[in-house]
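Observations on the model geometry
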Amino acid sequence: MDFNLTEEQIAFRDVVRRWVDAELPKDLMRKLEADEENYPFEIWDKLKEQGFFGVGIPEEYGGLGGDVVMQMIFAREMARTAGGLLWVWGLTSFGGAHSVAIAGSEEQKQRWLPEMAAGNLRVSLSMTEPDGGTDVLGAMKTFADKVDGGWKLNGAKMWTTGAKVADRLLVLARCDRNAEKKHHGLIALFVDAKSPGITASLLPKLGMRAMGSCEVHYEDVFVPDEDVLGEPGQAWKAMLPSLNNERIMVGAQCLGAIDGVLEDALEYMMQRKAFGGVIGRFQILQHYVADIATSQKLTELLLYNVAWMQSNGLPCGNEANMLKMVATENAVKAADMGIQIMGGMGYSAETDMQRYWRDHRILRMTPISNEMVRNSIAENLGLPRSF
């Protein structure tokens, strides 16, 4: 068994790490995240200038190439300082580009992937229903009805992050009102975000504030046939291959956050003095650090294993779910211990511990709740469905 990165992967990691330290320092990320009313275009522009939106997009479409392992490496390094602002990159380079690459026609790939790779097209994912949460399919009330030359879209979506600044919205809707099963009769629409009939309202939230999650209403929005990804009615089947990659990216983000937590905790413990010396000499705080470092290694091993399986075409749905569950819970626990180590300063908006906690608490509930993940793991072990 070889758990090491290749020389090429190590070189790429080192380049990204140096760039992140120079261009996305934690104090800048803290400042940008706090500005809830304004999208962090400064991060977007830096990523665009460096060409990082091309990571994972095939070279024939203007990207830098690389598989999910390379995307994982990039996501981990960026999340170490950016935390949840990683999704300035991820929504387009991972979410949008991956969906087009999987479900799009050759014409669609030629039209959109080079623009995403160049950082000229910003994507937002519009999936969650107001009454749905994790039950996306069961609660689907957004409909696309066939009209001459395209589709008429009506409905509402919640937590559509970046909707106010998006160029394209990837919308999942129902196109068959009489489908026998809830995963049938679905359509994926790559909607022009400036289309008439679209309104987006900002939803204030605990973490990742500058990302601008929105409630989006679609009222008689016309979507031409050429903006439909895949075959109408078969969208869920087409999108299933992306689920493992999604969980891998969440795992990479959480591991990057744990990296940042450990980094800050160690630095603070060697500087902060109390009771006649640095607090790093206190056994209980050393135990906290040992626990954080152990969770870091456990998350890393599981992440690398799942990413390797996915990149080699091996089935890894159960393992990807395990990764999502373990990584999100480890990240939140690590940040909580980091706050405890730093005391009042860990709770202060002047430091990053509280930001690591806020940004990653949501990931225990999304893109699928950890409770639903546990249900899925149990079912894959042969137990009956619990809901």
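Everything below is about the structure shown above.
Residues numbered from 1 in each chain as written. Predicted model: local features only at pLDDT ≥ 70, side-chain atom pairs only at ≥ 80, totals over all residues. Heavy atoms only, no water.

**Quick notes on empty space enclosed by the protein**
A full pass over the atoms with the stated rule returns two cavities of 30 Å³ or more. Taken as a whole, the largest cavity holds about 80 Å³ of empty space. Contributing to the lining of the largest cavity are S99, I102, A103, L170, A188, L229, A235, A238, M239 and S242. Those elements giving two or more residues to the lining of the largest cavity turn out to be helix 5 (87-103) and helix 7 (235-239). In terms of residue class, the lining of the largest cavity is built from eight nonpolar, two polar and no charged. By volume, the second largest cavity is sized at about 50 Å³. Around the second largest cavity, the lining is made up of 13 residues, and of these Y39, L91, R122, V123 and G162 lie nearest the centre. Mapped by element, the contributors of at least two residues to the lining of the second largest cavity are helix 5 and strand 1 (123-126). Broken down by element, the lining of the second largest cavity gets its largest block of residues, four residues, from helix 5. The residue inventory of the lining of the second largest cavity, partitioned by class, reads eight nonpolar, four polar and one charged. (1 Å grid on protein atoms, 1.4 Å probe; cavity = no way out; pocket = protein on both sides within 12 Å on 5 of 7 lines; lining within 4 Å. Points joined across faces, edges and corners; volume = space filled by probe spheres on them. Helix = DSSP H or I, 4+ residues; strand = E, 2+ residues; numbered from the N terminus. Nonpolar A, V, L, I, M, F, W, Y, C, P; charged D, E, K, R; others polar.)

**Points about unusual backbone geometry**
Leave glycine aside and you will find that most residues have negative phi; peptide bonds, for their part, are mostly trans. For the peptide bond that leads from T366 to P367, omega is 0°, which places it in the cis range. You can see P367 is positioned in the loop between helix 12 (353-361) and helix 13 (370-380). Of note in this structure, W159 is not a glycine but carries a positive phi near 55°. Mapped onto the elements of the fold, W159 is located in strand 3 (residues 150-161).

**Section: the packing of aromatic side chains**
Per the stated rule, a full pass over the model turns up eight aromatic pairs. Put simply, the rings of W19, F52, F74 and W89 pair up and form one aromatic cluster. For R111, the ring lying beneath its charged end belongs to W112, and the centroid distance is 4.1 Å. Its end group placed over the ring of W44, R122 keeps NZ or CZ at 4.1 Å from the ring centre. (Phe/Tyr/Trp six-rings, centres within 6.5 Å; stacked < 30°, edge-to-face > 60°. Lys NZ or Arg CZ within 6 Å of the ring centre and 35° of its normal.)

**A word on the side chain of K324**
Tracing the backbone shows K324 in helix 10 (residues 317-342). Of the buried charged residues, K324 lacks a salt bridge, with E371 as the closest side chain of opposite charge at 7.4 Å. Within polar-contact distance, the side chain of K324 engages the backbone oxygen of L363 at 2.6 Å. Not counting chain neighbours up to four residues away, the residues in contact with K324 comprise R247, V250, L363, R364, M365, T366, P367, I368, S369, N370 and V373. (Buried < 20%, exposed > 50% of the residue type's maximum accessible area, 1.4 Å probe, protein only. Lys, Arg positive; Asp, Glu negative; His and termini not counted. Salt bridge = Lys/Arg side-chain N within 4 Å of Asp/Glu carboxyl O. Polar contact = N/O pair within 3.5 Å; in protein donor to acceptor, adjacent residues only side chain to side chain. Contact = heavy atoms within 4.5 Å.)

**Overview of the layout of surface pockets**
Of the pockets and cavities examined, the second largest pocket occupies roughly 360 Å³. Forming the boundary of the second largest pocket are 16 residues, of which D2, F3, N4, Y304 and W308 lie nearest the centre. For the lining of the second largest pocket, the secondary-structure elements that each account for two or more residues are helix 4 (68-82) and helix 9 (283-311). No other element matches helix 9, which puts five residues into the lining of the second largest pocket. In terms of residue class, the lining of the second largest pocket is made up of eight nonpolar, six polar and two charged.

**Examining the nonpolar core**
In this structure, L47, M72 and W89 are the most contacted members of the largest nonpolar core, which totals 74 residues. Element by element, the count of residues in this core is highest for helix 8 (residues 242-271), at 13 residues. Counting residues in each nonpolar core, the second largest holds 23 residues, with V136, L137, L172 and A235 among its members. (Core = buried A, V, L, I, M, F, W, Y, C linked by side-chain atoms within 4.5 Å.)

**Notes on helix 12**
The buried count for helix 12 comes to seven of nine residues, which makes it a mostly enclosed element. Those residues of helix 12 not exposed but buried are M353, Q354, R355, Y356, R358, D359 and H360. The inward-facing, buried residues of helix 12 abut helix 2 (26-34), helix 4, helix 8, helix 10 and helix 11 (344-347).

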